[in-house]
Structure formats: C-alpha cells, structure tokens
Amino acid sequence: MQARRRRRAGRWCCEPSLGTPRAATGTGVASARSMHIALISLLLPQYNDSIAFMAIWAPSIEQRPGTRASALVEAMAEDIAAGRLQPGDRLPPQRDLAYALGLSSNTVMRAYAEAAKRGYVVGEVGRGTYVRRPVDLSAGLPGAGLARPCDEGPIDFSLNLPFIGGASGALSQTLAAIAGAGGLASYLDHQDGQSRSRHQVAGATWVSRLGVKANDENVILTNGAQQGIFASLLAMLRPGDTLLTEELTYPPVKAMVRRLGARMRPVAIDAEGLVPEALDAACRASGARTVYCTPTLHTPTTATMSEARRRQIAAVAETHGLTLVEDDVFGLLPPERPQALAALAPDRTILVTSVSKSVAPGLRIGYVLAPEALVPGIRAAVSLSSWMPPPLMAEIASRWIGDGTALELNNRQRLHAARRQAMAQELLAGCEFSADPHGLHLWLRLPDRWSQDAFAAAAERVGVLLQPSSVFAATSRGPAAVRLCLSHEASDERVARGLAVVMDLLEKAERDDELVV
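Residues numbered from 1 in each chain as written. Predicted model: local features only at pLDDT ≥ 70, side-chain atom pairs only at ≥ 80, totals over all residues. Heavy atoms only, no water.

*Asks:* Can you tell me about the pairing of strand β11 (residues 349-354), naming the residues and giving the values?
*Replies:* Counted residue by residue, β11 has six buried out of six residues, so it is predominantly covered. Alternating positions in β11 separate into two faces, Thr349, Leu351 and Thr353 on one and Ile350, Val352 and Ser354 on the other, with burial throughout. Where β11 meets strand β12 (residues 366-369), four bridges bridge the pair, whose relative direction is antiparallel. Of the residues in β12, the one forming a bridge with Thr353 is Tyr367. (Buried < 20%, exposed > 50% of the residue type's maximum accessible area, 1.4 Å probe, protein only. Helix = DSSP H or I, 4+ residues; strand = E, 2+ residues; numbered from the N terminus. Pairing = 2+ DSSP bridges.)

In structure tokens, the structure reads:
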C-alpha cells in the first residue's frame, strides 16, 4: 500500500510532442519515473525507432473533463489529428503509460479498448497497440470522369456533406473483390429476399453503432436518409394531418409535407433542441401524432439534446401517443453522444440514418429502423418511390460495415471535421457562433446590421455560398443567422479563404455607418 501511495504521489504533464516528461508534484517520484522512461527510450531504438518515441507518449489529461479513460482517448484522437501520432506508431504498453500518468492499469486498458472501438488503434497479439493505418487513401480510379474541380468556382459552405476524398482506395479494392467473387451480373438484377436480408443485417450492425438494439427484420434499406425520412412520413401522414418539427428544420422536410398535403407546425427550440413543454402544448393544440426531429447535431443550430432532455421528449411522446421520426444521420460523428430516442422509446420511434454523412457523401445507402407494426408501411413507401436501393451500392456499404472500412472512414471524417472546426475557431475568433468539435457545420449569428438573406447574398457576390436561416425556418423568416458547412470543400486553403471573406463581411458591418438589411 505504501508503494502504491508513493506511485500516485506525482502526475505527469508531458506534452505529447515533447520527449522529456515533467512532474507536477512529487520530485522523488518524478526522478524515478524519468529514469524509467529514459531506460525505455534508450533500450528500444535498437528494435524500432518509432517504438522508442511512442514509448514516451504521455499526454496531459489533468484539465480534461470526463473520466480519465475518456480523457486519454480524446487526447489520443487529438494527437492523431494533429499528426503527433502517425499511422503505424506503436503506443506505450498499458502498464508503462499507466505508470507515467499515475493511472491504474485498468483505466488505460479501458481507454485503449475504447480507442480500438472507435477505430483509432488496432491491437496485435504479442506485438502491442498501434495507431491504425488507414485504408489506402491515395489510390484512385484512373481516368475517373466524375471528379469535380476542387479549386474552381465559388467556395461552397452551403452543402452539409462530409469530405469527398478518402474512400477511393477502399472503393477500388472492394470493387475488385466483388468482381473477383463472380456473379457480377447479379448486381444489375432485381434483388430477392435473401440478398436484401444480408444487407439488412449490415444495416442492423450499423444502427447498433448508435447504441440502439436493432433486429434486422425491422431494418429497411433506402436510397440515403432523405428517402428514409420521406418514406416514413409517407407511411405516417395523410392529407390534412399535422407534422410537428423544430422551428428550424431540415429544408426538404418542408417540401415533403407540402407534397403530402399535410401541415407543418413548428415547435420552439432552445440550446438543446425541442423544448418538452412546447412540444406538449403543440400536441394538445393540434392533435398531431407525428414528430420529426434531429436530436444529435441538429441542423442548422448544431444543438445536441442531453439524455435528460431526450427522456422528457420520450415521456411527452408516451403521453400523447406520438410517433417520433428521429433523424440520426450525424449520430456517428461525435465520439460520445447521449442515447438515441430510439433506445429510450423503441416502440414509438422511427430511426433514420445512413452512411452518406458519416462515411462518403456519394454512398447513398440509408437505413430505417422502425417498430414492427410500422415496417410494412415504410417498406411499401420505399418500393413506391424507388422500388429498391441499387444493389451494388448496398453491397459496397454492407462489405465496408462488415470488414471495418466504414468505421475507419467514419473515423477519418471525424478527424477531418475536427480539424476544420479548429480552423473556424481560430479564423472566426470573436464572432458569435455555435459548433460541435466533430460536426460538419456551424451556426453563425449575425450582428444587428445584417439580415440573414442580405448576408447570404453579399457572401455569394464575393464568391462564398452559405445558407441563411430562412431556408430552415418552418414558418417564419428565422433569426439573423447563417449556416456554414465546412467539411465538403476539398481544400483547407479554400476553407480559410472563405472564412476570411465571412469575417471581412462581419467586420464591414461594424465599420460602415449605413444599415445593412
């Protein structure tokens, strides 16, 4: 016990990029630990230079929120994004890192397991834990004719899509594997129940990544999440019915409701999303039985509901017999997120997700998880609008989910989004905006001199496209704010230029005396 107390007397505060750790407290222990680390550093170069460096990777986690295990995982993710940890680098043995940081071995073991689950690292029996090597991202298809110029035209912050690069090498390998397996013509044929079932199993696996128990028989394949939303509304609404939504909502939903001959009633939102009391009042006033909402990384506001708020929404749904259509397309971007509504109210929630927002934007495969009683109606709605998703596209998605490629690409999207968000934090310093560190977009509030539509028009005139709040407003004009989507532009340089233009427009409003409307 005395030795254990002595071991915990000091804490390491070594910056990941530095080779010499320093101790916050406990001078004697610091010397012992320094000698321990130095010995490792001296002995390991004869085996592997990169191992020697990683043996002293000991990030500072003292000021990070959450458990020590989650703090260590977040530090690991940041160092991978910043390049301080490179693919193929070997992490320190768990016991050595625990000793260096003054943690228990179990804490570090949990952190390594969580990092492996997120796709940051891979463990090899007898060899250790390594920063995961990405799928070959440089290999592309020669002569690809659909590639769009990445350095021409307006800087486009209007499309809420993930990074377009990163999957070409994996796609090349997967297409070769599909071709080599034989039966290629079957992907151009109508699919029977057996093929659909195999793809449904992959969909259930993907949905389970959101923390929701998914029976593959209750999973419906769609052409992306947008068709999943439309099919769900088509199954739930009749002409004259009312759909409740956040007062700022996904724009295509407004068009869907009009086409279905239904009505939309906005519900007040706050920093967490739907306000439970406002939802309760809207139910009593309208008699509505269906709600559409985006609890995780709401577009456009970036809000994420706490679990307590989600439980309140689920309680309101139970009271009024509501069916919740939960849009969870961004659910795999945050490393940690509250439970989905579908996990809290499985009998009342239709969960819609896809791989398009979290893996690759052109992989138009979505998955709808519905209560058993609603599955036939939603499946019929999908068949009515498109019969079935393209079999080859569904096969690619299924293989990637099964072999871990989807998680690897999702992890790269997450790191890419985090880097772009860090750029925005720096280049828009002093501006009022909401953002999530792993989200694809941010919500910029405008000074009084600007209206949202005037600001969007002014930005377009100088070569930057973005979306004003009026696009998302269910009924009103919306607040003085605009949405900027950061991940889809291929070039960091173009993103930086676009953010500089936005900043200049905001500063211009402060400099000019005339009112901008």
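Once the structure has been displayed, the description carries forward.
*Asks:* Outline the side chain of Thr299, listing residues and values.
*Replies:* Structurally, Thr299 can be placed in the loop between β9 (290-293) and α12 (307-320). Looking at Thr299, its side chain comes within polar contact range of the side chain of Arg483, at 2.9 Å. Beyond its immediate stretch of four places on either side in the chain, Thr299 contacts Asn160, Leu248, Thr249, Tyr250, Phe330, His441, Phe472 and Arg483. (Polar contact = N/O pair within 3.5 Å; in protein donor to acceptor, adjacent residues only side chain to side chain. Contact = heavy atoms within 4.5 Å.)

*Asks:* Give a detailed account of the packing of aromatic side chains, specifying residues and quantitative values.
*Replies:* Under the counting rule described, the total for this entry stands at two aromatic pairs. On the basis of an interplanar angle of 85° and a centroid distance of 6.3 Å, the ring pair of Trp443 and Phe472 is categorised as edge-to-face. Here the residue Trp443 occupies a position in strand β14 (residues 441-445), and Phe472 occupies one in the loop between β16 (467-468) and β17 (481-485), the gap between them amounting to 29 residues. For Trp443, a relative accessible area of 4% puts it in the buried group. Geometrically, the ring pair formed by Trp450 and Phe455 is edge-to-face, given 5.2 Å between the ring centres and 90° between the ring planes. (Phe/Tyr/Trp six-rings, centres within 6.5 Å; stacked < 30°, edge-to-face > 60°.)

*Asks:* So, the pairing of β14: which residues are in play, and what are the values?
*Replies:* Where burial is concerned, most of β14 is hidden: four out of the five residues are buried. Judged from the three bridges that link them, strand β13 (residues 433-435) and β14 form a sheet pairing that is antiparallel. Following the sheet pairing, Ala435 is matched in β14 by Leu442. Connecting β13 to the next strand, β14, in antiparallel fashion are five residues. In the sheet, β14 pairs with β17 via five bridges, with the strands oriented antiparallel. Each bridged residue has a counterpart across the sheet, and for Leu444 the counterpart in β17 is Val482.

*Asks:* How would you sum up helix α11 (residues 276-286)? Please name residues and give values.
*Replies:* Residue pairs three or four apart in sequence face the same way in an α-helix, which turns once every 3.6 residues. Among the residues making up α11, those that are buried are Pro276, Leu279, Ala282 and Cys283. In a view along the axis of α11, the buried residues occupy a sector of 125°, so they form one face of it. Residues of α11 that are exposed and point more than 90 degrees away from the buried face comprise Glu277, Arg284 and Ala285. Those residues of α11 that are buried lie in contact with β5 (242-246), β6 (263-267), β8 (273-274), β9 and α12. Gly287, located one to two residues past α11, shows a positive phi value of around 75°. (Arc of directions from axis to C-beta.)

*Asks:* Could you give an account of the sheet that holds β9, naming the residues involved and the relevant values?
*Replies:* A sheet is described by the order of its strands in space; here seven strands give the open sequence β4-β12-β11-β10-β9-β5-β6, paired in mixed fashion. Either end of the sheet is taken by a strand with one partner, and the two such strands are β4 (219-222) and β6. In this sheet, neighbouring strand axes are inclined to one another by 20° on average, regardless of whether the strands run parallel or antiparallel. The pairing of strand β10 (residues 323-327) with β11 spans four bridges and is classified as parallel. Paired with Val325 across the two strands is Ile350, which belongs to β11. Helix α9 (residues 224-236) contacts β4, β5, β9, β10, β11 and β12 of the sheet and is inclined by roughly 160° relative to β11. (Axes fitted to C-alpha atoms, helices over the stretch in contact; angles between N-to-C directions.)

Note that all results are geometric; they support no functional claim without further evidence.
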